[in-house]
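If you want the building blocks of each chain, they are given just below.
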Amino acid sequence: MTARTVALRDQRALLDLLPPAAPLAWVRRGEGLVAWGVAARLELPAEPERSGIQRFTAADEWLESLFSTIVVDDDVGVPGSGPVVFGSFTFDGRDAGSTLILPRVVVGRRDGQTWLTVVGDEADPLPAVPPPRPVGALRWRPGTLSEAEWCAVVSQAVDRIHTTGLAKVVLARDLVAEADHPIDVRTPLQRLAADYPDCYVYSVVGLTGATPELLLRRTGTRLESLVLAGTAPRGATADDDAVLAKTLLTSAKDVEEHAYAVESLRESLAPFCTELDVPRHPELLRLANVQHLATPVRAVLPAKTATLPVLAALHPTAAVGGTPTRVAMDVIGELEGMRRDRYAGPVGWIDARGDGEWGIALRCAQITGPRARLFAGAGIVADSDPQAELAETVAKFRAVRAALTGR
Ligand SMILES: C=C(O[C@@H]1C=C(C(=O)O)C=C[C@H]1O)C(=O)O
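Scoring rules and cut-offs
All residue numbers refer to position in the chain's written sequence, counted from 1. Reporting of local features is limited, given that this is a predicted model, to residues whose pLDDT is at least 70; pairs of side-chain atoms are given and counted only at 80 or more, and all residues count toward the totals for whole chains, interfaces and linings. With hydrogens and water excluded, all non-hydrogen atoms of the structure serve as input to the side-chain values. Accessibility here uses a 1.4 Å probe with only protein chains present; expressed as a share of the type maximum, an area under 20% marks a residue as buried, one over 50% as exposed, and anything in between as partly exposed. The way it works is that DSSP assigns letters per residue, a run of H or I at least four long becomes a helix, a run of E at least two long becomes a strand, and they are numbered from the N terminus. The criterion used for residue contact is that any of the two residues' heavy atoms lie within 4.5 Å. We call a set of buried residues a nonpolar core when its members are Ala, Val, Leu, Ile, Met, Phe, Trp, Tyr or Cys and they connect through side-chain atoms within 4.5 Å of each other. For helices, the fitted axis covers only the stretch in contact; all axes are lines through C-alpha atoms, and the angles between them, taken along N-to-C directions, range from 0 to 180 degrees. By the definition adopted for this analysis, an angle is roughly parallel if under 35 degrees, roughly antiparallel if over 145, roughly perpendicular if from 65 to 115, and oblique otherwise. Each crossing is labelled by how the near helix is turned from the far one, with a counterclockwise turn of less than a right angle marking it left-handed and a clockwise turn marking it right-handed. The residue classification treats Ala, Val, Leu, Ile, Met, Phe, Trp, Tyr, Cys and Pro as nonpolar and Asp, Glu, Lys and Arg as charged. All others, Gly included, are polar. Near residues are defined by distance, with any heavy atom within 4 Å of the molecule or strand qualifying the residue. Two N or O atoms form a polar contact when they lie within 3.5 Å of each other; inside protein one atom must be a possible hydrogen donor and the other a possible acceptor, and for residues adjacent in sequence the pair counts only when both atoms belong to side chains. The pocket and cavity definitions rest on a 1 Å grid over protein atoms only: a 1.4 Å probe that fits but cannot leave marks a cavity, an open set with protein on both sides within 12 Å along at least five of seven lines marks a pocket, and residues lining either have an atom within 4 Å of a point. Grid points define the cavity or pocket, and a molecule sits in it when more than half of its atoms lie within 2 Å of them.

Draft legend 1. Representation of helix α3 (residues 186-195) within the structure. Along α3, the residues classified as buried are Arg186, Thr187, Pro188, Leu189 and Leu192. Residues of α3 that are buried sit in contact with β2 (24-28), β12 (200-204), β13 (207-211), β22 (364-368) and α8 (386-405).

Next comes the structure, spelled out in structure tokens:
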């Protein structure tokens, strides 16, 4: 197999290049990667343990052997040029469906430079595409648990925190929308990119969203991560917004919730790194629907470190699992009552050098034909209030909800 990368003069927006069928995307502020077609694909089965890492190990072996068989001709030579694999992993080892795809065509943009990578022969790598089709009318159905049931589950989790060694657990819920015809994934993608410029807008095998949370970016030996946990609504006025921000930054509950996520990342990353820089205090990240406590982490890896084992070690951070991790995973399995599938798992891309970007699949929906299953969760700690956590999930649902309804 050959992969040829050439510079491209095309200045069109990356998302405008995507064909309607099975688009792949990872885009932020107009840069990133869009891709389509399948040159190779790996879908991983369920593994025996919730906290298992077999899917990451199997993916790593597959990637190594795949990239070693590709003859690369790359005129561009930046992260994301040459052959690239998109991936999305399940949150829970016991869920099947983690998938890796080597697309036939990739268009990338970085620092204003655009390129095209074609794997194998493609007569027309950049076909004219129809405009995204409107989603049309949607019928909304409650998810696995009703709002009242979910609040009861949050109360149970708070009890566990008071009576057992559990310190924090992230509980999620789902919501289902049904359209009259198959949903064109490009429609919510475009809308998410417009509404959430600070987020990574992604789609991999129908899992489509805009995540603010970067699990890891690898560029050579440098690693970056953005830990999020602790959430407040946006205010209706600038004054309101400033008060909510100040309350968030000084809230003992949110700062504690955030600290668990930072510590879990630090502990999992430290064994791999020669340098690790974790700021002592979180900063504020403002998005259209919510604001978060955020800690940007930087690290340096020894040159020969493979990327997927690092990803496997980082997942799940306490931003989406909890503390202690294994106890939290069991509580999630017991109380949530649903399968997360690929929600809250790593999603992103990797190239043949091991460079890549992986986010946590949040603020997303699994779009399959006419159906969209939306997910949102919230971190529960000792003084969580179920109604406030419910409101937080409603605010988080708003991103994909608005992207689907156009309102
Ligand atoms: C779990 C989600 O978000 C995570 C939980 C957060 C919190 O509890 O404050 C904040 C950001 C994310 O790490 C989600 O969006 O579904």
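Draft legend 2. Geometry of the nonpolar core. Counting residues in each nonpolar core, the largest one holds 86 residues, and the members touching the most others are Val85, Phe89, Val169, Leu171 and Leu269. Ranked by residue count, the leading element in this core is helix α2 (residues 147-163), at 7 residues. Contacts of Val169, omitting those with residues within four sequence positions, involve Ala157, Gly321, Gly322, Ala328, Val331, Ile332, Ala378, Gly379 and Ile380. If you look at the next biggest cluster of nonpolar residues, it comprises 42 residues, including Leu138, Ala177, Tyr196 and Val201.

Draft legend 3. View of the packing of α3 against α8. Across the interface, α3 lies against α8 with an axial gap of 8 Å and an inter-helix angle of 125°. The angle between the axes of α3 and α8 places the two elements in the oblique class. Seen from above, α3 lies across α8 with right-handed handedness. Taking contact as the criterion, the partners of Thr187, Pro188, Arg191 and Leu192 in α3 are, on α8, Ala399, Val400, Ala402, Ala403 and Leu404. Residue composition of the contact of α3 with α8, by class: 7 nonpolar, 1 polar and 1 charged.

Draft legend 4. Fine view of the site of the ligand. The local shell around the ligand holds 18 residues, among which Glu213, Thr231, Tyr343, Arg363 and Gly377 are the closest. Here an oxygen atom of the ligand sits 2.5 Å away from a polar atom, N or O, in the side chain of Glu213. Lys396 places a side-chain nitrogen or oxygen 3.4 Å from an oxygen atom of the ligand. Of all the cavities here, the one that holds the ligand is the largest cavity. Those elements giving two or more residues to the shell around the ligand turn out to be β15 (222-233), β23 (371-380) and α8. When the residues that make up the shell around the ligand are grouped by side-chain class, the tally is 8 nonpolar, 5 polar and 5 charged.

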